[in-house]
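Chains, contacts and geometry: an overview
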Amino acid sequence: MDEILTYAQAAPAETISFGTADGLLSSVWLLVAIPLVSAAVLLLLGKRADRWGHWLGVAAVGTAFVLGLTYFFGLRSLDNKSVELSLWDFIAVGGLHVDFGLLFDPLAGVFVLLITGVGFLIHLYAVEYMAHDPGRRRFFAYFNLFVAAMLLLVLGNNYVMLYFGWEGVGLASYLLISFWYTKPAAATAGKKAFLMNRVGDAGLAIGIFIMFATLGTTQYDEVFNNVGALAGGAVLVLGLLLLLGAAGKSGQFPLQAWLPDAMEGPTPVSALIHAATMVTAGVYLIARSNPIFSANHTLQLVVVSVGALTLLLGAIIGCAKDDIKRVLAWSTVSQIGYMFLGVGLGGAAYALAIVHLLAHGFFKANMFLGAGSVMHGMKDQVDIRRFGGLSKYMKITWLTFGAGWLAIIGLPPFSGFWSKEPIVLAAFAHEGWSGWLFGGAALLGAGLTAFYMTRLFVLTFHGPKRWTEEIEHPHESPPLMTIPLILLGIGSLGAGWLLATSVPDWLTATAGLGVLEESHEGALSHYAVTALALTVTALGVVLAWFLFRNGTATTQQPAGVLVTAARKNLYTDTVNEAVFEKPGIFLTRALVYLDNRGIDGLVNGLAAGVGGGSGRLRRLQTGFVRSYATSILTGALLVVAAFLAVQAGWFA
Amino acid sequence: MNEFVLPPIDYAALAPILIMMGAAVIGVLVEAFVPRRLRHPVQLPLALLALLAALTMVVLNADKRVITIGVIAIDGPTLFLQGAILVLAAMALLLVGERAIERGGAFVAQAAITADSPDDRRQAERAGGAGEVYPLVTFAVGGMLIFVSANDLLTMFIALEVFSLPLYLLCALARRRRLLSQEAAMKYFLLGAYASAFFLFGLAMIYGFTAGLGDRAAGVDFATIHAAVTTSTASPVLLFAGMALVAIGLLFKAAAAPFHVWTPDVYQGAPTPVTGFMAACTKVAAFGALLRVFHVAFEGARWDFTPVLGAVAVLTMLVGAVFAVTQTDIKRLLAYSSIANAGYLLVGVLAPGRDGLSGTMFYLVAYGFTVLAAFAVVTLVRDADGEATHLSRWAGLGRRSPLYASVFTFILLAFAGIPLTSGFTSKFAVFGPALAGGQTWLVIAGVLTSMVLAFPYLRVVVMMWLSEPGDSTPTVTVPGGLTSAALVIGVLATLVLGVAPAPLLDLATGAADFVR
């Protein structure tokens, strides 16, 4: 661990430049193009593609994965591990030049592998999961669209391209959340996700505008090289706006409310978009923009605080939820909180956050698909109070879910231990009293995570059966669903160690990620933190096991203040409603009134004036040549008179 | 007695004009000697070939900057505008030559035969419609080619008549709604003659003014006028009155207010392909001449003519925009739109320097493509009685024929100047130099009237898409190959010039140098 904290000091801050993509890497645009074309084909062919469309979708992502792997190895052999590919001038107006270009560097590379690798498995799973849905082709079209947009997001070489992909994944996300748009809850959830993301996206857009106004460019290399020249205030504002964007997309405080509702979409969507990939775009944004965030300490403090607050918030709420997917969703919110904590700490912790992101991509996708498998066998029941004892009926789901559970709670040697533990350690290493604060929050979060995940696991797979009447014999899912589960399960168990040992080194080549400020001696020693974390985790597990091994009541029970609050999402929705929604509605009404009476009156009056004038003046156009000739003559006299008047100097 | 020396004549430079005029004469001979049945199949390829040959010569002349026998100037703007006229005329000719939409085409040979009578049908069967239209178009194109290259006012006047007379006749050739067509032709002829008189009167005054040059003979060639503007000792009243009258003659052809009154009636009455031809090619020719007269001959009086012509431009934009609001006929609507566009073009003419010149030329080409595509769609929307031009008949067209309604929507958006269409880039091309040249008031007027003008365009869009089709909603005829070709060229050009205007703009900028 100590090596990881110090490895980067060798690379001093230097000018960032990217090589030009040639040879094999010059076809990196195919990564985006293939899923995009597949999506277009699926959408345009319509019903004609119903029979084979899903396989095309799977094949597109599979091809992208193979290509991604090839490029990844192609990149390894290069000295400067970052290559740029400029496709064409996207926008060139006055001083604004935006390149339609791609950047393939280690950070983008690992994201590409995550998106296409996990994406491929989830696509495969969805073939079976959506088998009985009449909209399966449409589903795969949106899914492919999502993959294309997400790849564009991580591959762009400037902020405008990132924004392009950002909106693209947003679009795919809304389409998929409300995929079953006839269900009012799904439609509302889609709308909620849209609106909350709007807030974040507006922040990101304004951030990009500021970037252009102050730096005159949006290209990554130019921005990062020049950010040092900006005033501290400008960097702070810029960073806060980017953070707002990141918080919106990643479901971080205060924009976290849409993510759990997004679980109304089909489960593969929850696994791919709302757990493994899209919601981590915020982490990507901050990691990518690390020179901006590292340039201002206040900014970093804000990011860390957001992360710490969100990880606790998510964990506490997760303890009180009874819907299997919502527990997982709040767990996602909480885990992304860890990642924000990591990227906020800066320096080497950037890489730690990315490692956790990758590991989380595996185990959370695994658990979501596991949840989908459970729902598949339990007639779409999602209430964990009505599960129990499923381990006997769904062996594979149980085992793979168990792997995910072990991974997330962070017991060695599973992946959570390798990825989450260092973040806790890094949080304790933060300077001064804040190290205790953030470290404590991370530690408490670890305990809570252990508690709610064990609760979920035990209530679902162990203890007495509490099934609803119509379920007689739950069944294991077909192989097309279990194979991805098994692969992801293996990934959950083993990937952590692999990632934690190789990725940080690999990421040093990414622009800015190799820069590390002086590392501080932690408030607690490495071993103390590890021991504490393991103790807290074990406590959480044991407590949950003790409480829930005999099942739980099948209906909601009266509870104390804390549990009630957690059930109500810690009143964050209520706050949103009171602070934003009510005044927003009032403001809208006021504006509509003003618009109807004031502006529309003015505009309508003007329009009526033009229309009336036009109607009256039309009568001048009589159709008689004599009147036309007269008007020409009048005009001619006026023009001659005007010329003579000019000549006489009357206008001078 | 001095030996008579032939002036040097650069025949290659004159070739486009000679080709068109020659083709027109051959066309007349074809009408005289070829059997009726064969005339259409002979005339159309003949005219197209002539256009192609002339265009080839224009391209081959691309680097030429000469004045041939003193009256014809072959320079960058001439070649650019000649090329534009030839390309747009070829598109218009495709519309003129279309026979698949209606047997016998849109033209009639004998005014006495009523539309759809047995005689009319027999004529359509046997003769394939009138063939006279081809030599007339060819003559008109030839006249336009001279008009934009004329190097003195007298040549310009002759060219004006050469291309106007065939146009008067073309207007009268509509097969359906014959009376409207003949009335339009009559009005156009009378008012055109009237305007020509103004031009001629102005020419005379300018000639008088140049007599005040001490060191050189009086004359109406542009170099002499240019010299006279600064050094003539004659009364400046002659110059200013002459300049005003010459301008009036040209502004009439350009359909600028208050000399626009003929436009709606003539556009509505003329056969639609001819309307398209006038809207595209006549506009290029008229503005080509305006550019030459004001950039070459009267350049020294720029500060004097700019306010007056600026007022004319503003008035033109206002009239076009405001009158368009209440139009109920699509052809009249497009006529007023063309008037407003004349106003925008005048802004470009008044913008000083190369940029103004190149912007105006770019605008002319871009607008020509779009307006021809618009009239091509108008020829397709028809019922049993021919074209259905009343706007109420277009309601709900989007449901009946989504493809053509989409195309027309795109064209209207281009007219309204929405980005990614040539309407946006071309307005940008003329407003930009005007702003740089300090003519801010013209640009403000231009933008405001564009906003007003967007209303009638969008009203048509709304009607096509958001109204339920009624019983009277006509269908869209599936176009024949020729109309399809013209439509595809027009729409593609509108899109390409909107997305990637740089090549044509560069070409126009490279050509923006007058010889004197």
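All residue numbers refer to positions counted from 1 along the written sequence of the respective chain. As they are written, the chains are lettered A onward and the ligands numbered 1 onward, keeping that order. Local features in a predicted model are, by the rule used here, given only for residues with pLDDT of at least 70; side-chain atom pairs are given and counted only at 80 or more, and totals for whole chains, interfaces and linings are based on all residues.

Topic: the overall build of chain B
The line we're drawing: A helix here means a DSSP run of H or I that spans at least four residues, while a strand means a run of E at least two residues long, and both kinds are numbered starting from the N terminus. Put simply, a residue is buried when 20 or more other C-beta atoms lie within 10 Å of its own C-beta and exposed when 12 or fewer do; between those, it is partly exposed, and each C-beta is set from the backbone. Two residues form a contact once the distance between their C-beta atoms, set from the backbone, is within 7 Å.
The helix and strand tally for chain B stands at 20 helices and 5 strands. Here chain B, with 516 residues, has 62% of them falling under the buried criterion. Sequence separation of 24 or more characterises 80% of the internal contacts of chain B that already satisfy a separation of 6 or more.

Things to note about the confidence of the model for chain A
Residue and element names in this part refer to chain A. Our working rule: One confidence number per residue, pLDDT, is output by the predictor and ranges from 0 to 100.
Taken residue by residue, chain A gives an average pLDDT of 82. The fraction at 70 or more is 93%. Note that residues 1-13 has pLDDT below 50 and, in this model, 23 contacts with residues that lie over four places away or in other chains. This model gives residues 515-519 a pLDDT under 50, and the stretch forms 14 contacts once residues within four places in sequence are excluded.

Regarding the nonpolar core
General note: in soluble globular proteins, nonpolar side chains tend to be found buried as a group. Basically, it comes down to this: Any set of buried Ala, Val, Leu, Ile, Met, Phe, Trp, Tyr and Cys residues joined through C-beta atoms within 7 Å is what this text calls a nonpolar core.
Counting 219 residues, the largest nonpolar core has Ile85 and Val377 of chain B as its most contacted members. Top element by residues in this core is helix H14 (residues 353-380) of chain B. It accounts for 18 residues. Aside from chain neighbours lying at most four places away, what touches valine 377 of chain B is Tyr404, Val407, Phe408, Ile411 and Leu487 of chain B. Leu244, Leu285, Ala348 and Ala441 of chain A belong to the second-largest nonpolar core, a separate cluster that totals 206 residues.

Observations concerning the sheet that holds strand S3 (residues 381-383) of chain B
Residue and element names in this part refer to chain B. Using the following cut-off: Here, a strand pair is defined by DSSP locating no fewer than two bridges between the strands.
The 3 strands are arranged S4-S3-S5 in an open sheet whose pairing can be described as antiparallel. Both outer strands of the open sheet, strand S4 (386-387) and strand S5 (475-476), are each paired with one neighbouring strand and no more. As paired strands, S3 and S5 are joined by 2 bridges and run antiparallel to one another. Residue pairing in the sheet places arginine 382 in a bridge with threonine 475 of S5.

What about the environment of valine 296 of chain B?
Tracing the backbone shows valine 296 of chain B in helix H11 (residues 272-297). Placed 219 residues apart in sequence, valine 296 of chain B and valine 515 of chain B show a C-alpha to C-alpha distance of 8.3 Å.

Quick word on the environment of threonine 475 of chain B
Residue and element names in this part refer to chain B. Following the sequence through the fold, threonine 475 ends up in strand S5. Exposure remark for threonine 475: the 15 C-beta atoms within 10 Å place this residue in the partly exposed category. Sequence spacing of threonine 475 and serine 401 is 74 residues, and the spatial spacing of their C-alpha atoms is 7.3 Å. Residues contacting threonine 475, with those up to four places away along its chain left out, are Arg400 and Ser401.

Observations concerning the packing of H14 of chain B against helix H16 (residues 402-416) of chain B
Residues and elements named next belong to chain B. Just so we agree on the cut-off: Axis definition: a line fitted to C-alpha atoms, over the contacting stretch in the case of helices. Angles run 0 to 180 degrees between N-to-C directions. Handedness of a helix crossing follows the sense of rotation of the near helix relative to the far helix, less than a right angle counterclockwise being left-handed and clockwise being right-handed. Here the nonpolar group is Ala, Val, Leu, Ile, Met, Phe, Trp, Tyr, Cys and Pro; Asp, Glu, Lys and Arg are the charged ones; every other residue, Gly included, is treated as polar.
Between H14 and H16, the shortest axis-to-axis distance is 10 Å and the interhelical angle comes to 145°. With respect to the hand of their crossing, H14 and H16 are arranged in left-handed fashion. Contact with H14, carried on its side by Thr370, Ala373, Ala374, Val377 and Leu380, involves Tyr404, Val407, Phe408, Ile411, Ala414 and Phe415 of H16 and no other residues of that element. In terms of residue class, the contact of H14 with H16 is built from 10 nonpolar, 1 polar and no charged.

Structural notes on the interface of chain A and chain B
Counting residues at the interface gives 25 residues for chain A and 30 residues for chain B. Going through the elements one at a time, helix H23 (572-617) and helix H24 (625-648) of chain A are the ones with two or more residues in the side of chain A that touches chain B. Counted by class, the side of chain A that touches chain B contains 14 nonpolar, 10 polar and 1 charged residues.

As for the confidence of the model for chain B
Regions with low pLDDT carry predicted coordinates that are not meant to be interpreted in detail. Per-residue pLDDT for chain B has a mean of 90; in total, 98% of the residues score no lower than 70. ipTM for the predicted complex: 0.91, alongside a pTM of 0.68.

Thoughts on the environment of leucine 215 of chain A
Residues and elements named next belong to chain A. Summarising the element assignment, leucine 215 is placed in helix H7 (residues 184-215). We classify leucine 215 as partly exposed; it has 19 C-beta atoms within 10 Å. When the C-alpha positions of leucine 215 and alanine 229 are compared, they lie 9.1 Å apart, and in sequence the two are 14 residues distant. Leave out the neighbours within four places in its chain, and leucine 215 touches Glu222, Val223 and Asn226.

A few points about helix H11 (residues 267-276) of chain A
All names here are of chain A. For H11, a buried count of 10 out of 10 residues is recorded, marking the element as mostly surrounded by other parts of the structure. By the burial criterion, the buried members of H11 are Thr267, Pro268, Val269, Ser270, Ala271, Leu272, Ile273, His274, Ala275 and Ala276. Contacts made by the buried residues of H11 are with helix H4 (106-129), helix H5 (136-155), helix H6 (159-177), helix H10 (258-261), helix H15 (324-345) and helix H16 (349-377).

With respect to unusual backbone geometry
A cis amide bond links phenylalanine 253 of chain A to the next residue, proline 254 of chain A, at an omega of 5°. The residue proline 254 of chain A is located in the loop between helix H9 (232-250) and H10 in this model. Here alanine 257 of chain B and proline 258 of chain B are connected by a cis peptide whose omega angle stands at 0°. Of note, proline 258 of chain B is situated in the loop between helix H9 (236-254) and helix H10 (262-269). Phi is positive for arginine 177 of chain B, which is not a glycine, with a value near 45°. For arginine 177 of chain B, a count of 18 C-beta atoms within 10 Å puts it in the partly exposed group. Residue alanine 255 of chain B is not a glycine yet carries a positive backbone phi of 65°. Inspection of the secondary structure assignment puts alanine 255 of chain B in the loop between H9 and H10. With 29 C-beta atoms counted inside 10 Å, the residue alanine 255 of chain B sits in the buried group.

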